[in-house]
Amino acid sequence: MTFDLKAYLKTKQERIQQALDDLLPTTDSMPPKLHEAIRYSVLAPGKRLRPILVLAGAEAIGGSAESVLRTACALECIHVFSLIHDDLPCMDNDDYRRGRLTNHKVYGEAMALLAGDALLALAFQLIAENIETVPAQNILPTLRLIAQASGTWGMVGGQVVDMESQGQEIVPDTLHYIHKHKTGALLTASVLSGALLCGATEAQADALTKYGEHIGLAFQIADDILDITGDQEKLGKPIGSDEERDKATYPKMFGLEESRRRAHEEVRLAIETLQGFDENAEPLRAIARYIVERDL
Ligand code: GRG
């Protein structure tokens, strides 16, 4: 029987939504406005790809998805922090995200900035609290991995080079650096953290790191393509913004056809890295294919 990814994603999305609702600070605690701003963006409809990768990474090595749920929510918090800050007027100055007004449009710039800051800190609290369901010795390398992937060695570093490259002629290596760090680092950390928390061997961790790097690149290439060919209703944000901002993208550098070919090749390589894994890794194989086939 073929694996039903649609049903898998739906079940996991619902579980993550419930867990986020339970774990986020409530609006009846101080300071309520900050908590409202946090909940507004985190509970908005997103694909939940990063938390799902945490759960699927745990399952791929025979671990329990339920045991890594707090870390899965932590990865979504870090992702949403990056979205809120990326939308601010000092960065992309975007009005819409996930089909609704951006955080600063509703709560103002200062509150949006602070909501992002609070989410980053909350993420590390949640990972530390995962001690209730996984061994303490597995948490330390996971904390290090996620901290590295979020900051200058990962997402923030990639964002800076992306920002500095706008309107510039860049070489393919720089474009690769941007995609690998801005997007790939957090996706890689997601799949790997689920596995590390469940006691992955070195060989399993190495394979999942490569898997994450390949899907990370495929995801960002697909995102670049969707910004040209996508449906803005489905995406929940306007298209064409990369071209408007003269951003460094795969289609701009290589054209649409070559970009599609490269994205599919990355998916093939991602699936190949899972050769030593059994049917427990079927969700990861299906997620890799979905990354280039998605329309949002
Ligand atoms: C501002 C610290 C800081 C970092 C910004 C990740 C990032 C770096 C900015 C977000 C904007 C962006 C377009 C990033 C590329 C990664 C990406 C495609 C994010 C959108 O992720 P999806 O498609 O969104 O998974 P949903 O809403 O489904 O979660």
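What counts as what
Residues numbered from 1 in each chain as written. Predicted model: local features only at pLDDT ≥ 70, side-chain atom pairs only at ≥ 80, totals over all residues. Heavy atoms only, no water. Helix = DSSP H or I, 4+ residues; strand = E, 2+ residues; numbered from the N terminus. Phe/Tyr/Trp six-rings, centres within 6.5 Å; stacked < 30°, edge-to-face > 60°. Buried < 20%, exposed > 50% of the residue type's maximum accessible area, 1.4 Å probe, protein only. Lys NZ or Arg CZ within 6 Å of the ring centre and 35° of its normal. Near = heavy atom within 4 Å. Polar contact = N/O pair within 3.5 Å; in protein donor to acceptor, adjacent residues only side chain to side chain. Areas by Shrake-Rupley, 256 points an atom, 1.4 Å probe, with all protein chains shown as cover. Nonpolar A, V, L, I, M, F, W, Y, C, P; charged D, E, K, R; others polar. Salt bridge = Lys/Arg side-chain N within 4 Å of Asp/Glu carboxyl O.

This part covers unusual backbone geometry. The general pattern is negative phi for most residues beyond glycine and trans for most peptide bonds. Cis geometry is adopted by the peptide bond preceding Pro 31, which originates at Met 30 and carries an omega value of -10 degrees. Structurally, Pro 31 is set in the loop between α1 (5-23) and α2 (32-42). Not every positive phi belongs to a glycine, and Arg 48 is a case in point at roughly 60 degrees. Along the chain, Arg 48 turns up in the loop between α2 and α3 (49-60).

Overall, the coordinates contain three aromatic pairs when judged by the stated rule. When the ring of Tyr 40 is compared with that of Tyr 107, the centres are 5.5 Å apart and the planes differ by 75 degrees; the resulting orientation is edge-to-face. In this pair, Tyr 40 is assigned in helix α2 and Tyr 107 in helix α5 (residues 103-107), connecting sequence segments 67 residues apart. Accessibility assignment for this pair places Tyr 40 and Tyr 107 in one class, buried. Note that Arg 100 overlies the ring of Tyr 40, its terminal NZ or CZ placed 5.1 Å from the centroid. Of note, Arg 294 hangs over the ring of Phe 219, and the distance from its end group to the ring centre comes to 4.0 Å.

If you check the shell around the ligand, you find 20 residues, and the closest are Lys 47, Arg 50, His 79, Asp 86 and Arg 98. The contact in question runs from an oxygen atom of the ligand to an N or O atom on the side chain of Arg 98, over 2.8 Å. Considered on its own, the ligand offers 700 Å² of accessible surface; in the complex 91% of this is hidden by protein. Going through the elements one at a time, α4 (69-87), α8 (155-165), α9 (172-197) and α10 (202-229) are the ones with two or more residues in the shell around the ligand. Broken down by element, the residue count for the shell around the ligand peaks at six residues, all from α4. Across the shell around the ligand, the residue classes break down as six nonpolar, seven polar and seven charged.

Glancing now at the pattern of salt bridges. Evaluation of the coordinates by the stated rule reveals 23 salt bridges. A salt bridge links Arg 245 to Asp 94; the shortest N-O distance between them is 2.8 Å. Placement of Arg 245 in the loop between α12 (241-244) and α13 (250-254) and of Asp 94 in the loop between α4 and β1 (96-97) is noted, with a sequence separation of 151 residues between them. The shortest N-O distance in the salt bridge between Glu 282 and Arg 285 comes to 2.9 Å. Of the two residues, Glu 282 and Arg 285 are both situated in helix α15 (residues 282-293); the distance of three residues between them amounts to about one turn of the helix. Accessibility expressed as a relative area gives 25% for Glu 282, which makes it partly exposed. Taking the relative accessible area as the measure of exposure, Arg 285 reaches 11% and is therefore buried.

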